[in-house]
Amino acid sequence: RPSDPPYVNVNGDRFVDETGRRDDISHGILAQPGQVVYAIFDQKTIDQKKVRDDLMQIALGHGYAYKADTLSDLAKAAGINQAEFAKTMAAYNEASRTQNTKSLPVPKILIGMPVDKAPFYAIEITPAIHYYMGGLKFNGKTQVINTSGKPIGGLYAAGEVTGGVHGKNRLGGNSISETITFGRLAGENAAAQVLGK
């Protein structure tokens, strides 16, 4: 999500706030036809290094992305409904120019630049699991908590087996530091219990 571009489904419609919560976006994608959508970029995105050109070229080479000189040709190449896509992108670009998304069918918290500098790109995106949001309830000492709210003796947990560290969502980029921090605490606390310290 380097620049939160517009996401459109095969019908050419935006369906979610691209700057919203990851779980909302994932659920939104899963509700779309074929459970696939397209992130739409233009050359400005590449020029400003919001998307790496070398990675874009790899995606194009593997058929995960499409490139065209016009938005209409981009829709055709990607199999997106051209007429609806044209309306969606016109509305999105106008909202980007005015920095006011209230007129969009799906408003956006933050909006970037218009998608208006050729060539244009569409990249297929689907949800992927890379961070588990549920898990065992535990306390600051990494003790697993039972259904009565009491620590379970001798049971410590850390990492993605635990839940609730970030509440209902998560902060991007924190999973490794969370695992290391709580893993160390769990190890120290388990060792102290075994050694009687």
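Starting afresh in each chain, residues are numbered from 1 along the sequence in its written order. The predicted origin of the model limits local features to residues at a pLDDT of at least 70 and limits the giving and counting of side-chain atom pairs to 80 or more, whereas totals for whole chains, interfaces and linings rest on all residues. Side-chain numbers here rest on the full set of heavy atoms in the structure, without hydrogens or water.

All right, on to the sheet that holds strand β2 (residues 37–42) then. Between any two strands, at least two bridges found by DSSP are needed for them to pair. Under the DSSP-based scheme used, a helix requires at least four consecutive residues in state H or I and a strand at least two consecutive residues in state E, with every element numbered from the N terminus. Strand order in the open sheet made by the four strands is β1-β2-β4-β3, with antiparallel pairing throughout. Taken across any chain shown, the strands that pair with only one partner, and hence form the sheet edges, are β1 (7–8) and β3 (65–68). Bridge analysis of β2 against strand β4 (residues 120–125) gives six bridges, and the strand direction is antiparallel. By the bridge assignment for β4, Ala39 is matched with Ile123.

Now for the confidence of the model for the protein chain. Should the pLDDT be low somewhere, the predicted coordinates at that spot are not to be read in detail. When pLDDT is averaged along the protein chain, the result is 89, and 92% of the positions lie at 70 or above. On a range of 0 to 100, pLDDT expresses the predictor's confidence in each residue. Here helix α6 (residues 175–195) stands out as the element of the protein chain with the lowest mean pLDDT, 87, in contrast to helix α4 (residues 71–78), whose mean of 98 is the highest.

Moving on, we get to unusual backbone geometry. The residue after Ala118, namely Pro119, is reached through a cis peptide bond having omega -5°. Mapping Pro119 onto the fold places it in the loop between α5 (82–98) and β4.

Turning our eyes to something else, we now look at the environment of Asp23. For Asp23, the location among the structural elements is in helix α1 (residues 22–30). Residues Asp23 and Gly112, 89 residues apart in the sequence, show an inter-C-alpha distance of 21 Å. Within the local environment of Asp23, its side chain forms a polar contact with the side chain of Arg21, the two groups lying 2.5 Å apart. For the purposes of these results, a polar contact is taken to be a pair of N or O atoms within 3.5 Å, where, inside protein, one atom must be able to donate a hydrogen and its partner to accept one; residues adjacent in sequence count only when each atom of the pair is a side-chain atom.

Let us look at the packing of aromatic side chains. Side-chain rings of Phe, Tyr and Trp, where Trp is taken by its six-membered ring, are said to pair if the distance between their centres is within 6.5 Å; with planes under 30 degrees apart they count as stacked, over 60 as edge-to-face, and otherwise as tilted. Taken as a whole, this structure holds two aromatic pairs when the rule is applied. Ring geometry for Tyr38 against Tyr66: centres 6.2 Å apart, planes inclined by 65°, an arrangement best described as edge-to-face. Taken together, the positions of Tyr38 in strand β2 and Tyr66 in strand β3 put the pair 28 residues apart, joining distant regions of the chain.

Further remarks concern the nonpolar core. In terms of nonpolar packing, the biggest core is built from 18 residues, with Tyr38, Ile40, Leu71, Leu74, Ile80, Phe85 and Val115 touching the most fellow members. Among the secondary structure elements, those contributing two or more residues to this core are β2, α4, α5 and β4. A contact between two residues is defined here by any heavy atoms of the two lying within 4.5 Å. Apart from the residues lying within four places of it in its own chain, the contact partners of Leu71 are Ile40, Phe85, Met89, Asn93, Val115 and Phe120. Among buried residues, those of type Ala, Val, Leu, Ile, Met, Phe, Trp, Tyr and Cys that are joined through side-chain atoms within 4.5 Å constitute a nonpolar core. Burial classes: relative accessible area under 20% of the type maximum marks a residue as buried, over 50% as exposed, and values in between as partly exposed (1.4 Å probe, protein chains only). Formed by 16 residues, the second largest nonpolar core is a distinct cluster that contains Ile25, Val51, Met56 and Ala65.

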